[in-house]
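Now for the letters of each chain:
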Amino acid sequence: MPKNWALKVDQFFNANPHCIIATVHVDSFPADLPLEPNIREPNRKSSTYRQIFDSLTTEPEKFFSRHSGIVLCANKVKPNSKKTQLELEILEASEGGSDGIINGGHTVLAFQQAREYKYDLTEARVKVTIHIGLSEDEAKDIALASNTSAPVDARSKVNARGDYKFIKQFLAQLEREEETKFRIAYYQNQSGAPKSPQCNVNHLIKLMNCLDRNKYNPDSKSRTKHPPVSNTPSLSEAERERLSKLLPLLPKGLWIEQRLFQVIEEHITKPRRKGVVDLASIDPRKNTLLPDSRYSFGFSAPADIAMPIVAAYRVFLDEQYNWIIPFDEFAEDFLQHLWNNYYKKYLVSEKLAGNTVGSKICRNPVIWDNLYVSAQSFLNQQLLKMVGSNTKREELKLVN
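Residues numbered from 1 in each chain as written. Predicted model: local features only at pLDDT ≥ 70, side-chain atom pairs only at ≥ 80, totals over all residues. Heavy atoms only, no water.

Looking at an unreviewed UniProt entry, one finds the protein named Abortive phage infection protein and attributed to Nostoc minutum NIES-26.

A.B. asks: Could you give me a rundown of the nonpolar core, with the residues and numbers involved?
C.D. replies: Membership of the largest hydrophobic core comes to 73 residues, with the highest contact counts inside it found for L171, Y313 and Y343. Going through the elements one at a time, α6 (165–178), α7 (201–210), α8 (237–246), α9 (250–268), α10 (307–312), α11 (327–352), α12 (358–362) and α13 (365–399) are the ones with two or more residues in this core. When residues in this core are grouped by element, the largest group, 10 residues, is from α11. Non-local contacts of Y343, meaning those with residues more than four positions away in its chain, are made with L260, I305, P308, I309, L338, I367 and L371. Counting residues in hydrophobic clusters, the runner-up holds 33 residues, among them I20, I70, A114 and L121. (Core = buried A, V, L, I, M, F, W, Y, C linked by side-chain atoms within 4.5 Å. Buried < 20%, exposed > 50% of the residue type's maximum accessible area, 1.4 Å probe, protein only. Helix = DSSP H or I, 4+ residues; strand = E, 2+ residues; numbered from the N terminus. Contact = heavy atoms within 4.5 Å.)

A.B. asks: Let's hear about α7: which residues, and what values?
C.D. replies: A large share of α7 lies buried, amounting to 10 of its 10 residues. Among the residues of α7, V201, N202, H203, L204, I205, K206, L207, M208, N209 and C210 are the ones counted as buried. Regarding α7, its N-cap is N200, as a side-chain oxygen of that residue lies 2.9 Å from the backbone nitrogen of N202 further along. (Polar contact = N/O pair within 3.5 Å; in protein donor to acceptor, adjacent residues only side chain to side chain.)

A.B. asks: Which residues make up helix α3 (residues 105–116), and what values do they have?
C.D. replies: Taking 1.5 Å as the rise per residue, α3 with 12 residues should run 16 Å; its terminal C-alpha atoms sit 17 Å apart, in good agreement. Burial runs high along α3: nine of the 12 residues are buried. Taken together, the buried positions of α3 are G105, H106, T107, V108, L109, A110, F111, Q113 and A114. The elements touched by buried residues of α3 are α1 (47–58), α2 (63–66), β3 (70–74), β6 (100–103) and β7 (125–132). Just past α3, the residue K118 takes up positive phi, approximately 65°. (Expected span 1.5 Å × (residues − 1).)

A.B. asks: Explain a nonpolar patch on the surface to me, and be specific about the residues and the numbers.
C.D. replies: On the surface, a cluster of nonpolar side chains totalling about 230 Å² of accessible area is made up of I324, L383 and M386. Looking at the secondary structure, you find I324 in the loop between α10 and α11. Here I324 falls in the partly exposed class, since its relative accessible area comes to 41%. (Patch = residues over 30% accessible without salt bridge, like charges linked within 9 Å, V, L, I, M, F, W, Y side chains within 5 Å. Areas by Shrake-Rupley, 256 points an atom, 1.4 Å probe, with all protein chains shown as cover. Salt bridge = Lys/Arg side-chain N within 4 Å of Asp/Glu carboxyl O.)

A.B. asks: Can you explain the pattern of salt bridges? Please cite residues and give values.
C.D. replies: A side chain with one charge may pair with a side chain of the opposite charge, provided their charged atoms come close. Counting across every chain of the model gives 14 salt bridges. Taking the shortest distance from any N to any O, the salt bridge between R294 and E178 comes out at 3.6 Å. One end of the pair, R294, is in the loop between β8 (288–289) and β9 (296–297); the other, E178, is in helix α6, and 116 residues separate them in sequence. The class of E178 is partly exposed, set by a relative accessible area of 33%. With a closest N to O distance of 3.9 Å, R259 and E266 form a salt bridge. Classification of R259 as buried rests on a relative accessible area of 14%. Residue E266 is classed as partly exposed on the basis of its relative accessible area, which comes to 43%. The network of salt bridges with shared partners includes D212, K215, E239 and R242.

A.B. asks: Quick rundown of the packing of aromatic side chains? Include the residues and the values.
C.D. replies: If you walk through the whole model with that rule in mind, you get 23 aromatic pairs. Summarising the aromatic geometry, the rings of F261 and F297 are spaced 5.4 Å apart at their centres and angled 45° between planes, so their arrangement reads as tilted. Of this pair, F261 sits in helix α9 while F297 sits in strand β9, and the two are 36 residues apart along the sequence. With respect to class, F261 is no different from F297; both count as buried. Relative to F299, the ring of F297 lies with its centre 5.9 Å away and its plane at 55°, an arrangement referred to as tilted. Overall, the relative accessible area of 5% leaves F297 in the buried class. The residue whose ring lies beneath K168 is Y186, and the NZ or CZ to ring-centre distance is 4.8 Å. (Phe/Tyr/Trp six-rings, centres within 6.5 Å; stacked < 30°, edge-to-face > 60°. Lys NZ or Arg CZ within 6 Å of the ring centre and 35° of its normal.)

A.B. asks: Lay out unusual backbone geometry with the relevant residues and their values.
C.D. replies: Of note, the phi angle at K83 is positive, near 60°, even though the residue is not glycine. Within the secondary structure, K83 is located in the loop between β4 (76–79) and β5 (85–90). On the basis of relative accessible area, K83 is assigned to the exposed category, the value being 54%. One non-glycine residue, K118, adopts positive backbone phi at about 65°. Take K118: it is sitting in the loop between α3 and β7. A relative accessible area of 72% means that K118 is categorised as exposed.

A.B. asks: Just give me the short version of the packing of α7 against α9, but keep the residues and values in it.
C.D. replies: Contact pair α7 / α9: the axes reach a minimum separation of 9 Å and the direction vectors enclose 100°. On the basis of their axis angle, the class for α7 and α9 is roughly perpendicular. Seen from α7, the contacting residues are H203, L204, L207 and M208; seen from α9, they are L250, G253, L254 and E257. The class makeup of the residues in the contact of α7 with α9 is five nonpolar, two polar and one charged. (Axes fitted to C-alpha atoms, helices over the stretch in contact; angles between N-to-C directions. Parallel < 35°, antiparallel > 145°, perpendicular 65-115°, else oblique. Nonpolar A, V, L, I, M, F, W, Y, C, P; charged D, E, K, R; others polar.)

A.B. asks: For the pairing of strand β2 (residues 19–25), give the residues involved together with the corresponding values.
C.D. replies: Counted residue by residue, β2 has six buried out of seven residues, so it is predominantly covered. With six bridges joining them, strand β1 (residues 3–16) and β2 adopt antiparallel strand pairing. Its bridge partner lying in β2, F12 is registered against A22. The antiparallel hairpin formed by β1 and β2 contains two residues in its connecting segment. With seven bridges joining them, β2 and β7 adopt antiparallel strand pairing. If you follow V24 over to β7, its bridge partner there is V126. (Pairing = 2+ DSSP bridges.)

Right, here's the structure in full:
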C-alpha cells in the first residue's frame, strides 16, 4: 500500500506540471522518507554530513540560503486547503515505485540528529524539489546527476544504472540453492553490508576475472598475461556479457578463497608457533569477513591475497569455461600443493625481507608466473595419471 508523508511549507509553486518547489520547515521534516532512489546511504562520519549539521545547528535561520536543498520523488502530491502543507504519496519499491529521497540523505539525517539533541530548528527552512511520477530510470538519472557535493564512488554509479543486476540475480539463486546468505556492498555506505573489502561487489568481479583463461592467458600473444587486481570502475555491455559467462565459476572462486583463508588460519594458530605470525601482510589483531556469511576469520589479510591462487586454477578450464578435470577431484590437492610448495614460502620470505605491504605482495608478477607454471605442471601430472589408470583398466579387461 502507498504511504503518506506531510511537509509543512511556507510557500510552493509548480516549476512544471510534474515538479513542485517548496520552502519546507525543517523541525517537522519526516526523517523516515525512503532512500530507494538515492545511490548511496548517508554516513554521519563523512565531512559532508558534519558540514550540514554544523550549518544547521549554528545558524538555523540562515540554513535555507546556505544549502542547495533536497530532491524528492513522489507518486502524487496534494496541498491542503490552506496551502500550508503538502501531502506526499510514496510508492514502495515492492509496488514498483522509485519514490523517496533522490538527493539529500545526509541533510535529512542531520535534521533527525539535531532534533534528537534538542536544537531549536523552528526558524530553519530548506528548499525541497519534488518530482512527481518519475520512472525508475528517470529517478536514477537525476540521482546520478545530483550527487555531486561529495565524491560518489564508481561502484555506486554502476549500481544506480542497474549494471550489477545480473550478479544480484545469480547470488539470489545461489542463496536459495546453498541455503546461505551473501553480504555484498553494491553502493557507498550501504547499511547491513560490512566494510570488509572482500564483501565489495568489485571483489566478486576480480574473482571471476581470475578464472578467465581466454582473456588472461600467458601462453597467448596478449599483453595481459594475468588478471588485474585493480577495481572495475564501470561495466560496459561487452563486459557484462563476458562476466555473465564466468558467473557459473564464481562459487568455485569463492570456495578457493575460503579454503585459502582456512589454510592460513590453520598455519598461524598452530600451538608450536606461540602466536608468532611469519607470513607477510597477515595481521592477527584484526578480523576478515568473506562474502559468504558462513565465513569469518580472526585475522586480516589483503583483499587480493587469494587472487594469484584463484588465477592458477584457470589452467584447468577449457575455452568454454568447463573444467578439464572435475573440480572436486583436484581442487583441494592442488590448493595444498600451491600453498606448501610456493605461496607459503613466498609469504614467509617476504616477511623475513621486511615487506609487509599487502597490495605490493599480491601484485608481484613473479608469484603469479610461478603459480601459473606450477598449475600447468600439476595438470599434466593429473592427466598422465588418468591415462595410466585408463591403460590399466584396458589391460585388466583384456586379461579377463
